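Observations on chain architecture
Next come the chains, spelled out residue by residue.
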Amino acid sequence: APAPPPAQHLFSDPAEIEALRGNLLAWYDKCKRDLPWRRLAAAEPDADRRAYAVWVSEIMLQQTQVATVIDYYNRWMQKWPTLQALAQASLEEVNELWAGLGYYSRGKRLQEAARKVVSELAGQMPRTAEDLQKLLPGVGRYTAGAIASMSYGQATGIVDGNVIRVLCRLRCIGADSSSPAVIERLWDMANALVDRSRPGDFNQALMELGATVCVPKAPLCGECPVKQHCRARRRKLFGKPAPVPDVEDCGVGSCPLCPPAAEPWDSSLGVTNFPRKAAKKPPRAARTATCVLERRGCHGALEYLIVQRPSSGLLAGLWEFPSLPLAQGLQEEKQREVLADHLRAWTGWPVAAGGLRFIGEVVHIFSHIHQTYVVYSLPLDGDVTLDPALSPSRWVTEKEFHASAVSTAMKKVL
């Protein structure tokens, strides 16, 4: 069994916990950012409608910056102000509004969950973190805790990237903060700290602290409302205290929360020694041949053929120009031949490789893929209708293209 963490890493003093709660909530009341989902939730007396407002914001904020989310959130809530309204929407509408926000499966699961609440749960949201996570697709442990604490007052903690950073610095937790064992300890800590009378505000305060003060680089330690509780700051200011045993005296190699022996404290980094994460794997490289098929429409406007991606996987359900994954190392001439074969099989037209005009390459970085689109164009004199069994398709003008559920990558291609 893994060794238990020494008490120095944990919050065990009731007086300290109470002081930390009070200081953090007082700071939050005074300094919190004015965000649309906070305004909406604060003004909404109905708990289920409040939960919907929180839910949408939390899904959008996953791996996306606040500044980017605000406009998407406002448009979403204007279009679908209630869970019932979202349940009646089509996936196409959801994808169109979500386009450009990234991680498109989030919007799809959000709508699926809304339909489940309406059709299977009589329109009533689950009210505990446990039930939210169990019953709603796309709702994980963090999102469930956020909805339950902010909307229904359940005294449950939450752990996201900002909370991880704050807690690791407060208690000098230097082990890999992405490891399941460390994450579990952080959840224990968050549940111990959460204010019982204002759990939603406390959780938001902890995240707000990480987002605005206890930031990854150059944290504003002098402005921190809980700096007197921060062991990383104390170590930066005073070094290793003696003779009183402290967190720095944990047995290296045996404490599951200490930094590994190979990564000693770097005084030049100060509090940013924490948290420490395992090195990320570099994104894999991928190449895709993309062909922009063009024609003149009945009114003379240039039109483009777009096809719909499969309903699962990367960019599920979005529209794109006909595309084909390429094997690594193919020469340009071979790429052109492979694409021409693909288009012939798809359209039934005698597409010649020589008729494909090479335009250039577009690079788009997904979270785990370094994607290069090799772009060709092909003007056509007549109509092309693809077999719907192969892939739904349609001709669109440039204006219609931008109004469709297309990815940012495809907008770059055009």
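What you see is a predicted model, and the numbers here were worked out from it, not measured in a lab. (Residues numbered from 1 in each chain as written. Predicted model: local features only at pLDDT ≥ 70, side-chain atom pairs only at ≥ 80, totals over all residues. Heavy atoms only, no water.)

**Details of the overall build of the protein**
On a plain count of helices and strands, the protein comes out with 16 helices and seven strands. If one aligns the C-alpha atoms of the protein with their principal axes, the spans along those axes are about 85 × 50 × 40 Å. Expressed as a percentage of its 414 residues, the buried residues of the protein come to 49%. Taking as baseline every contact in the protein between residues at least 6 positions apart, the subset at least 24 positions apart corresponds to 66%. Distance between charge centroids for the protein: 4 Å, based on 49 positive and 43 negative side chains. (Helix = DSSP H or I, 4+ residues; strand = E, 2+ residues; numbered from the N terminus. Buried < 20%, exposed > 50% of the residue type's maximum accessible area, 1.4 Å probe, protein only. Contact = heavy atoms within 4.5 Å. Lys, Arg positive; Asp, Glu negative; His and termini not counted. Charge placed at Lys NZ, Arg CZ, Asp CG, Glu CD.)

**As for the packing of helix α9 (residues 141-152) against helix α12 (residues 199-212)**
Orientation of α9 relative to α12, taken along the N-to-C sense of each, is 130°, at an axis distance of 7 Å. By the angle between their directions, the pair α9 and α12 is classed as oblique. The chirality of how α9 crosses α12 is left-handed. Mapping the contact onto sequence places Tyr 142, Ser 149 and Met 150 in α9 and Pro 199, Gly 200, Asn 203, Gln 204 and Met 207 in α12. For the contact of α9 with α12, a count of residues per class yields four nonpolar, four polar and no charged. (Axes fitted to C-alpha atoms, helices over the stretch in contact; angles between N-to-C directions. Parallel < 35°, antiparallel > 145°, perpendicular 65-115°, else oblique. Left-handed = near helix turned anticlockwise from the far one by under 90°. Nonpolar A, V, L, I, M, F, W, Y, C, P; charged D, E, K, R; others polar.)

**With respect to the environment of Asp 195**
Of note, Asp 195 is situated in the loop between α11 (180-193) and α12. Distance in space between the C-alpha atoms of Asp 195 and Thr 156 is 8.8 Å, their sequence separation being 39 residues. For Asp 195, the side chain forms a polar contact with the side chain of Ser 197, separated by 2.6 Å. (Polar contact = N/O pair within 3.5 Å; in protein donor to acceptor, adjacent residues only side chain to side chain.)

**Points about the UniProt feature "domain: HhH-GPD" (unreviewed entry) in the protein**
Per the UniProt record, the feature "domain: HhH-GPD" (unreviewed entry) sits at residues 60-212. The span residues 60-212 is 67% helix and 0% strand, and its two end C-alpha atoms sit 19 Å from each other. (UniProt positions renumbered as here; feature names shortened; annotations may be inferred.)

**Remarks on the packing of aromatic side chains**
Applying the stated criterion across every chain, the model contains six aromatic pairs. Between Tyr 304 and Phe 321, the ring centres sit 6.3 Å apart and the planes meet at 75°, which makes this aromatic pair edge-to-face. One end of the pair, Tyr 304, is in strand β2 (residues 302-308); the other, Phe 321, is in the loop between β3 (319-320) and β4 (323-326), with 17 residues separating them in the sequence. An angle of 10° between the planes, with centres 5.2 Å apart, marks the rings of Phe 321 and Phe 401 as stacked. Pair noted here: Phe 321 is in the loop between β3 and β4 and Phe 401 is in helix α15 (residues 398-403), with a separation of 80 residues, a long-range link. Classification of Phe 321 as buried rests on a relative accessible area of 0%. (Phe/Tyr/Trp six-rings, centres within 6.5 Å; stacked < 30°, edge-to-face > 60°.)

**Focus on the nonpolar core**
Most often, soluble globular proteins keep nonpolar side chains buried together rather than apart. The biggest cluster of nonpolar side chains holds 106 residues, and the ones touching the most others in it are Tyr 52, Trp 55, Met 60, Trp 76, Met 125 and Leu 209. With nine residues, the single largest contributor to this core is helix α3 (residues 47-61). If you look at the next biggest cluster of nonpolar residues, it comprises 15 residues, including Cys 291, Leu 343, Val 374 and Leu 380. (Core = buried A, V, L, I, M, F, W, Y, C linked by side-chain atoms within 4.5 Å.)

**A closer look at the side chain of His 364**
When you line up the elements, His 364 lands in strand β5 (residues 357-365). When its relative accessible area of 14% is taken as the criterion, His 364 is described as buried. One polar contact links His 364 to Lys 412, side chain to side chain, over a distance of 3.0 Å. Setting aside chain neighbours within four positions, we find His 364 in contact with Ile 369, His 370, Gln 371, Tyr 373, Thr 408, Ala 409 and Lys 412.

**Here's the deal with the pattern of salt bridges**
In total, this model carries 18 salt bridges according to the counting rule given. Between Asp 71 and Arg 75 there is a salt bridge; the shortest N-O distance is 3.2 Å. Note that Asp 71 and Arg 75 are positioned in helix α4 (residues 66-79) at a spacing of four residues, about one turn of the helix. A cluster of three or more residues bridged by salt bridges with shared partners is formed by Asp 29, Arg 198 and Asp 201. (Salt bridge = Lys/Arg side-chain N within 4 Å of Asp/Glu carboxyl O.)

**Focus on unusual backbone geometry**
Residue Phe 274 is joined to Pro 275 through a cis peptide bond whose omega torsion reads -5°. As for its placement among the helices and strands, Pro 275 is situated in the loop between α13 (231-238) and β1 (284-296). Notably, Ala 218 is not glycine yet its phi reads approximately 50°, a positive angle. Along the polypeptide, Ala 218 turns up in the loop between α12 and α13. Assessed through its relative accessible area of 62%, Ala 218 is described here as exposed. For Leu 315, which is not glycine, the phi dihedral falls at a positive 55°. Within the secondary structure layout, Leu 315 lies in the loop between β2 and β3.

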